[in-house]
2 protein chains.
Amino acid sequence: MSMLLDERRESILKIVENKGFVSLVDLMDSVGASESTIRRDLEYLDGIGQIRRTRGGAAYSGESLSTFEDRSFMSSRQKRQVAQAVANMISPGEAVLMDGGTTTLEVARQLAGKQLQVVTNSLPIANLLVNQPQIDLMLIGGFLFPKTGVALGKTAVESLKSVHVRRLIISVGGITEDGLYNSNMLLVETEQQMFEAAEEVIVVTDSTKFGHSALAYLCPLDTVDHIVVDDGITEEWKDVIRKAGIELTVVET
Amino acid sequence: MSMLLDERRESILKIVENKGFVSLVDLMDSVGASESTIRRDLEYLDGIGQIRRTRGGAAYSGESLSTFEDRSFMSSRQKRQVAQAVANMISPGEAVLMDGGTTTLEVARQLAGKQLQVVTNSLPIANLLVNQPQIDLMLIGGFLFPKTGVALGKTAVESLKSVHVRRLIISVGGITEDGLYNSNMLLVETEQQMFEAAEEVIVVTDSTKFGHSALAYLCPLDTVDHIVVDDGITEEWKDVIRKAGIELTVVET
DNA sequence: ATTGTTTCTGAAAGTTTTTGATGGTATTTT
DNA sequence: AAAATACCATCAAAAACTTTCAGAAACAAT
């Protein structure tokens, strides 16, 4: 049973998505290729983010919503410090709009205990804050994306039109001189509506995102009021940000 | 039955989340690994904060899941059987609207694996289904109620106006000859809009609810198409339901 | 068609990680 | 205090992973 390379990889992908977890041996069986070949396929599919390699086989990467495996670049210590800095900017009684993402989730964690009104389209953030008695929580509905657990699409955009908050806290996939980027068209569409709803935009990110763009263009730099980042950021980028009239907070870690 | 490392750990996590507490011996049994291995897994999961190790086993450390308290009268076994009966009525590919509540949550659990479109305003249900690759999940937004984790209010009602599904699955606080009741005005308001969105209304409940009303009137009996209940229901009530032209499914337990 | 080039494949050797078992230490129970 | 139970550290075997290499297959150009 000989198979084309792409055909085989497609087939592996389907099996993994279907079963959730597959062992390497199972794949050898059902695809009819050698161990080495399957390994290489898994390596490739993991590289493009379609699956997650695990010892002994592969797992569907859609399950990665839980903190089970968080392979972001910032260490969790760094991330927590950056998140703390953002949380400190929020005054009691404020209305805050929060985008999804692991960094904003960490911010949410630091907000616990404050008296606030929080609006979010992120399921993990909602989970975290729903039982905080001091926090009024409003959920933005829409189609839920498995990987990240955020609500997107027409419904989300429509709901956001009737929202007005003091601050928006958002994270991005990339920043260049031209502006901000994120990885997904639907995500960007929803986030653009978020800008309309907020008086002030705070971007939380890590220093590795500077200089990199991503699939979808989000907005020009001047849409942003404030950027909070770890101290890995270069002097050049500090200049770029400040010259664009954006307030910059660099968190020492 | 040999299991992949990550698969096993995820499986342990699920068991712990589900039961609240599990002994080490139980885990050895149900995942089929040695004491050492389970210990190491627990150590790891505790390390990343997903569970709490305790002498003799592990406990769930979760932020939200356990806080949706289960104050229903039905035993969990009974409830699961009733939920199973409801889940069996749903055909693949269907669009289902699901209300919040511990019974409907159990139904959601039984729906896992089916290919479906699910619309819900319940945070716990969304959590449960968001990582099911076969399920398209749409979240209804609104103000989140801490105790139950459901989204209610004007936003929820508005969002529901653009929803159309085959079936609505709903639970109630009380049933009398006059109709259905629930405990909260906002809840009722949202649920009334749900009726508009569905072709067929299925009520899941336990037999103790018959003859009791509650704070807020929801709808007359003839709004309902189908009631599923445990076998504690009296003959008198069976008559009432059938005479109202409602299909009745009594689940033997 | 043939030759040279590149990519893909399967096998083997060597390295790392995981696993279950064992014996010893802590903690709880009787 | 003794017994029972649970925990921890260590170790050799097993399983899984990486690297490397030579042959096969695909591709391009003559």
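Here, the structure is the one placed above.
Below or above, wherever it landed, is the structure these notes cover.

Criteria and thresholds
- Residues numbered from 1 in each chain as written.
- Chains lettered and ligands numbered in written order.
- Predicted model: local features only at pLDDT ≥ 70, side-chain atom pairs only at ≥ 80, totals over all residues.
- Heavy atoms only, no water.
- Helix = DSSP H or I, 4+ residues; strand = E, 2+ residues; numbered from the N terminus.
- Buried < 20%, exposed > 50% of the residue type's maximum accessible area, 1.4 Å probe, protein only.
- Contact = heavy atoms within 4.5 Å.
- Areas by Shrake-Rupley, 256 points an atom, 1.4 Å probe, with all protein chains shown as cover.
- Near = heavy atom within 4 Å.
- Polar contact = N/O pair within 3.5 Å; in protein donor to acceptor, adjacent residues only side chain to side chain.
- Nonpolar A, V, L, I, M, F, W, Y, C, P; charged D, E, K, R; others polar.
- Pairing = 2+ DSSP bridges.
- Axes fitted to C-alpha atoms, helices over the stretch in contact; angles between N-to-C directions.
- Buried area = accessible area lost by both parts, 1.4 Å probe.
- Salt bridge = Lys/Arg side-chain N within 4 Å of Asp/Glu carboxyl O.

## Here's the deal with the overall build of chain A
Point 1. Looking only at helices and strands, chain A has 9 helices and 15 strands in total.
Point 2. Out of the 253 residues in chain A, the part that is buried amounts to 54%.
Point 3. Across chain A, the fraction of contacts at a sequence separation of at least 24, relative to all contacts at a separation of at least 6, is 58%.
Point 4. By element, 47% of the accessible surface of chain A is carried by carbon and sulfur atoms, the whole surface being about 11,300 Å².

## Brief notes about the protein's contact with DNA strand C
Point 1. The immediate surroundings of DNA strand C are formed by 14 residues, with A:Arg8, A:Thr37, A:Arg40, B:Thr37 and B:Arg40 found nearest.
Point 2. Of all DNA strand C atoms lying within 4 Å of any protein atom, the proportion belonging to sugar or phosphate reaches 59%.
Point 3. One nitrogen or oxygen atom from the side chain of A:Thr37 is found 2.5 Å from a phosphate oxygen belonging to DNA strand C.
Point 4. One nitrogen or oxygen atom from the side chain of A:Arg55 is found 3.3 Å from a sugar or linking oxygen belonging to DNA strand C.
Point 5. When residues of the surface near DNA strand C are traced back to their parent elements, those giving at least two are helix H1 (5-19) and helix H3 (35-47) of chain A together with helix H1 (5-19) and helix H3 (35-47) of chain B.
Point 6. Residue composition of the surface near DNA strand C, grouped by class: 2 nonpolar, 6 polar and 6 charged.

## Details of the sheet that holds strand S13 (residues 216-219) of chain B
All names here are of chain B.
Point 1. As summarised here, the arrangement of the 3 strands in space is S10-S11-S13, forming an open sheet in which the pairing is antiparallel. Single-partner strands in this sheet number two, and they are strand S10 (174-176) and S13. Here the average twist between neighbouring strands, direction ignored, is 35 degrees.
Point 2. In this structure, strand S11 (residues 179-182) lies alongside S13, joined through 3 bridges in antiparallel fashion. Among the inter-strand pairings, Asn182 is bridged to a residue of S13, identified as Ala216.
Point 3. Strand contacts of helix H8 (residues 185-197): S11 and S13, with the helix running at about 5 degrees to S13, the strand carrying the most contacts.

## Details of the interface of chain B and chain A
Point 1. Counting residues at the interface gives 35 residues for chain B and 39 residues for chain A.
Point 2. Summing both partners gives a buried area of about 3,200 Å² for chain B against chain A, and 62% of it is carried by carbon and sulfur.
Point 3. Along the contact surface separating chain B from chain A lie 1 salt bridge.
Point 4. The shortest N-O distance in the salt bridge between A:Arg52 and B:Asp6 comes to 3.3 Å.

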